[in-house]
Amino acid sequence: MIVVTGATGNVGRTLVRLLAQAGEPVTAVSRKITTADVPQGVRAVPADLTDPAGLLPALTGADAMFLLISGDFVAVADDPVGIIGTTLSNAKAGGIRRVVLLSSQGVATRPESPSHGQMGQSFEDAVQRSGMDWTILRPGGFHSNAYAWAEPVRTRRTVAAPFGDVGLPTVDPDDLAEVAAVTLRENGHTGRTYELTGPALTTPRQRAAAIGDALGEPIRFIEQTREEARAQMLQFMPEPIADTTLAIIGTPTAAEQRISPDVELLLGRAAHPFAHWAHRNAPAFR
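From a predicted model like this one, the values you see are computed outputs, not experimental measurements.

Hey, could you go over the sheet that holds strand 1 (residues 2-5) for me, with residue numbers and the actual values?
Strand order in the open sheet formed by seven strands is 3-2-1-4-5-6-8, with parallel pairing between adjacent strands. Two strands bound the open sheet, and with one partner strand each, they are strand 3 (43-46) and strand 8 (192-196). Ignoring strand direction, the axes of neighbouring strands in this sheet form an average angle of 15°. As defined by bridge partners, strand 1 adjoins strand 2 (residues 26-30) across four bridges and the pair is classed as parallel. The residue of strand 2 that forms the bridge with Val4 is Ala28.

Have a look at this one:
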């Protein structure tokens, strides 16, 4: 049995489907999950990482776990690192032998950042101390961050973003899910950390154009100033996270612009480009 936390998110939903299609028994965990959210035969358990005791029923009979720690969890938990440590101890006591953590590239590229590096490092350290076989996945930005543009694209056929010509190798969440399925099901990944990126640098301007191509209609790109973007971000994220995010997308380091070979090495195919994601998810922008 494989437990998938964050099972209704961009990565978790696809991961649950891939594991079920491969014939694996799966327990899907999310705060408000129901049987309608999962494929037939998948066990759905509503639970919250902030309550390790409430997660115990989901761990029963499992031998592997995919651990996704959301920003919402970090924001509301009194002691996020301690809670994750308790969760990992419970998992090991319940018979789980393998854990795959979805971490962040920022652990390596922004180690000085409390939000992007230090907290992520603490979670990685907890996994490495857990006594279970572990694998760490470190993605950069997601293609699916473009969902933030869905409403203005639907209503005005516009995209507003800062740093229109700065490129980053964003990654397809479906590629992350496929990599997670491989590392959960196959041997040979214990003690490994994989950096996961897309196959090419793309800029916000290029991503907006790719969405337009998927829709068959032009999208007007409006370049925001840093101040305009920051004011918008502060409406839904804390100031330190907004400032570090702006640094990454505006003045990325060489490491943040590096295209990693790990997706291709693990899957035996190239990572999906942003245009592939845009065509697959075009209905969200219609």
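Any details on the environment of Pro52? Residues and values, ideally.
Residue placement: Pro52 occurs in helix 2 (residues 52-59). What makes Pro52 buried here is its relative accessible area of 15%. Discounting chain neighbours no more than four positions away, the residues touching Pro52 are Ile83, Thr86, Thr87 and Asn90.

Tell me about the pattern of salt bridges, and please be specific about residues and values.
A full pass over the atoms with the stated rule returns 16 salt bridges. Close ionic contact of Asp165 with Arg205 constitutes a salt bridge, the shortest N to O distance being 2.9 Å. Pair noted here: Asp165 is in the loop between strand 7 (158-162) and helix 8 (173-185) and Arg205 is in helix 9 (residues 204-215), with a separation of 40 residues, a long-range link. Owing to a relative accessible area of 34%, Arg205 belongs among the partly exposed residues under this scheme. Arg205 is paired through a salt bridge with Glu223; the nearest N and O atoms lie 3.1 Å apart. Placement of the pair is Arg205 in helix 9 and Glu223 in strand 9 (residues 220-224), with a sequence separation of 18 residues.

Basis of the calculations
Residues numbered from 1 in each chain as written. Predicted model: local features only at pLDDT ≥ 70, side-chain atom pairs only at ≥ 80, totals over all residues. Heavy atoms only, no water. Pairing = 2+ DSSP bridges. Helix = DSSP H or I, 4+ residues; strand = E, 2+ residues; numbered from the N terminus. Axes fitted to C-alpha atoms, helices over the stretch in contact; angles between N-to-C directions. Buried < 20%, exposed > 50% of the residue type's maximum accessible area, 1.4 Å probe, protein only. Contact = heavy atoms within 4.5 Å. Salt bridge = Lys/Arg side-chain N within 4 Å of Asp/Glu carboxyl O.

Treat this as a map of the structure, not an account of what it does.
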